[in-house]
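# Commentary on secondary and tertiary structure
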Amino acid sequence: MNFGIERPWALYGLPLLIPAILHNFFVCKKALMSLSKSSKKRNSLEFRNIRRRIIWRFSLRAAAWCMLVFALAGFSWETISTPTQKNGSAVAYVFDVSYSMTARDCPNNLTRLQAAAAYAQELLDNTAGIPSSAIIAKGNGAIAVPLTEDTEAIRSLLANLSPKMMSSAGSSLGDGIYAALKSFPKTISKAPVIWLFTDGEESDNALQSALAAALKKGASVVIIGFGEEREAEIYAGDGKTLVKTALRSEKIKEAVKEANAKNFGGQGFRFIKGASAKFVDATEIGSARKILASISGGSDSENSATLAYELQSVDRHKLFIMLGILLFALSFVASEFSLRGFKEAAAISIVALTFASCSSEFKESKKILDGVWSWNQKKYTEAIADFTQSLAEAEENDDETIKQYALYGLSVTYLMQNENKAAMEKINSLSGNAPDKIKFAAFYNSGIIAQREGDYQKAAELFKNALLVDPSNVRAKVNLELSRNQQAQRAHESERQMIGADEISEEESDLQKSVFNRIREKDQQQWKNVQKEQKPSSALDY
């Protein structure tokens, strides 16, 4: 059933009912005793009806309080498969640094750990710009480098990989995968991918369960094997005990097969293209191409956008909120009307909720509202999931109106995540018969994207088209003027850069003439003064 509670601390609100119950009991008892002064009236039908109404009112309000506490606690049960579009990939490099990786049975007489570091170096060179993290795994897993686009820290780690980096004994590949999952943010908009560099030796047999957990959370896993299948002897951690180790490829393949079978057999996550978990021998020809194909935008990938299905728990807080409001409203009915009227009102409410929950159109509209609510809370990943699911259901039911709103919601969400290309794809998918509000928003948001890309002329045209749909919109008018001004400013700057060389030479020559004239005047004046000061000498005058 996959039952869960997101905020257990909220359940501390339930004990607050105890003082409320005691207070209500004494107040009601005092009120009833004042109403019934004689035993004849105490046993009357009217008195019993008043007492029954008071009990029903308080019981329903107490139940409403419980529903609100449950809603705050975040109860969830059951799971659904939710389509989510991932743009690009994020990679977690998991390195097995146990002592079995020190066996020197790789090409060029390298240890398995040295070969893994060299192989990872080559992969880093071919994944520039992809966010990456590094995890070391031995007896447990630890995040050595958090998720970042700066791979220099990972390259520095590769040069220092050693079993001495961790003091824990044993080898737990499962803990390494769990640590890799923690390195990905919960609201990441990229497809998570885990690359595990190992020989398959483990001491806790947790690989298969960790693979299943990774697939359930939407992470694709590639296990890269190092070493030979022929056993080699190495010293254990104490430096004295000799143990035999080898590449356990069959064991890895079995764990991958079981995880995939369990994942694809249910409602779990899967990529539309490619395997969700696989094993690759590092010495196999073309192994790097197979590994790079697991990321969006890799060597074999056709598109950077990946459609995935994530297994998510169904949050029931809205159900509890609705029940709380219903019970609170019924408490007024129970206190003002007879028990028969209360039963009729309860039956009508239940029937109305049943019909509302059975309406497919209501469900589709509700998904749109859920997406809008998540968008306003800046939970863009959840908003994309809601809009994508609503779009799929609208296409299945040929509901053009819901489809247009879902496409618009996706475009706005991608725009907030600075995914301009994905936003434009959804805007271009909008129909020409869409409502005017969506038409205006499509032109307006396209203008914003054009402004971001520096195409001010195109932005001005798009804002002008938006004003043709809604001439009263002030923001479109402001952005139109800004785009025109920026376009004119850019043209003016281009003109300034194209001033002729002749004009500059003429200005410089005028300046030089004035300076030289000034110097000539000063020299002539100084020469006259010198001639006046000198006395004539006939002996030395030639």
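Below, the structure is looked at part by part. As the structure is a prediction and not an experimental result, all values here were calculated from the model.

## Comments concerning the packing of aromatic side chains
Taken as a whole, this structure holds eleven aromatic pairs when the rule is applied. Clustering of aromatic rings is evident, with ring pairs tying together Tyr93, Phe95, Tyr119, Trp195, Phe197 and Phe226. Geometry around Tyr444 places Arg475 over its ring, the cationic atom sitting 5.6 Å from the centre.

## Quick notes on helix H16 (residues 436-452)
In this model H16 runs 24 Å from its N-terminal to its C-terminal C-alpha over 17 residues, within 8% of the 24 Å that 1.5 Å per residue would give. For H16, the set of buried residues is Ile438, Phe440, Ala441, Ala442, Tyr444, Asn445, Ser446, Gly447, Ile448, Ile449, Ala450 and Gln451. Positive phi shows up at Gly454, right after H16, with a value of about 85°.

## Some thoughts on the pattern of salt bridges
The full count for this structure, using the stated rule, is eleven salt bridges. A salt bridge links Lys290 to Glu284; the nearest nitrogen and oxygen atoms lie 2.5 Å apart. The class of Lys290 is partly exposed, set by a relative accessible area of 36%. The exposure class of Glu284 is partly exposed, given its relative accessible area of 34%.

## Some points on a negative patch on the surface
Residues Glu229, Glu250, Glu254 and Glu258 make up a contiguous surface patch of negative charge. Examined against the element boundaries, Glu254 turns out to sit in helix H8 (residues 249-265). By relative accessible area, Glu254 is classed as partly exposed at 41%.

## Some details on the side chain of Ser183
Mapped onto the secondary structure, Ser183 falls in helix H6 (residues 173-183). Apart from the residues lying within four places of it in its own chain, the contact partners of Ser183 are Ala92, Ser133, Ile135, Ile143 and Leu147.

Each value, and the rule that gives it
Residue positions are given per chain, counted from 1 along the sequence in the order it is written. In keeping with the predicted nature of the model, local features appear solely for residues at pLDDT of at least 70, side-chain atom pairs appear and are counted solely at 80 or more, and the whole-chain, interface and lining totals rest on all residues. Only heavy atoms go into the side-chain values, all of them from the structure, while hydrogens and water stay out. Only rings of Phe, Tyr and Trp enter the pairing, Trp through its six-membered ring, and a pair is recorded when the two centres are within 6.5 Å. The plane angle decides the type: under 30 degrees is stacked, over 60 is edge-to-face, the rest tilted. Ring-over charges, as used throughout, are those where CZ of Arg or NZ of Lys falls within 6 Å of the ring centre and within 35 degrees of the ring normal. By the criteria applied, helices consist of DSSP H or I runs no shorter than four residues and strands consist of E runs no shorter than two, each listed in order from the N terminus. Helix span, expected: 1.5 Å multiplied by one less than the number of residues in the helix. Remark: exposure states derive from per-residue accessible area (1.4 Å probe, protein chains only) relative to the maximum for the residue type, with buried under 20%, exposed over 50%, and partly exposed in between. Put simply, a salt bridge is a Lys or Arg side-chain nitrogen that is within 4 Å of an Asp or Glu carboxyl oxygen. Patch members must show over 30% relative accessible area and no salt bridge, and they are joined within 9 Å when carrying like charges or within 5 Å when they are nonpolar side chains of Val, Leu, Ile, Met, Phe, Trp or Tyr. In short, Shrake-Rupley with a 1.4 Å probe defines the accessible areas, and a residue's cover is counted only from the protein chains shown. His residues and chain termini do not enter the charge count, which takes Lys and Arg as positive and Asp and Glu as negative. Where a charge lies is defined by one atom per residue type: Lys uses NZ, Arg uses CZ, Asp uses CG and Glu uses CD. Any two residues whose heavy atoms approach within 4.5 Å are treated as being in contact.

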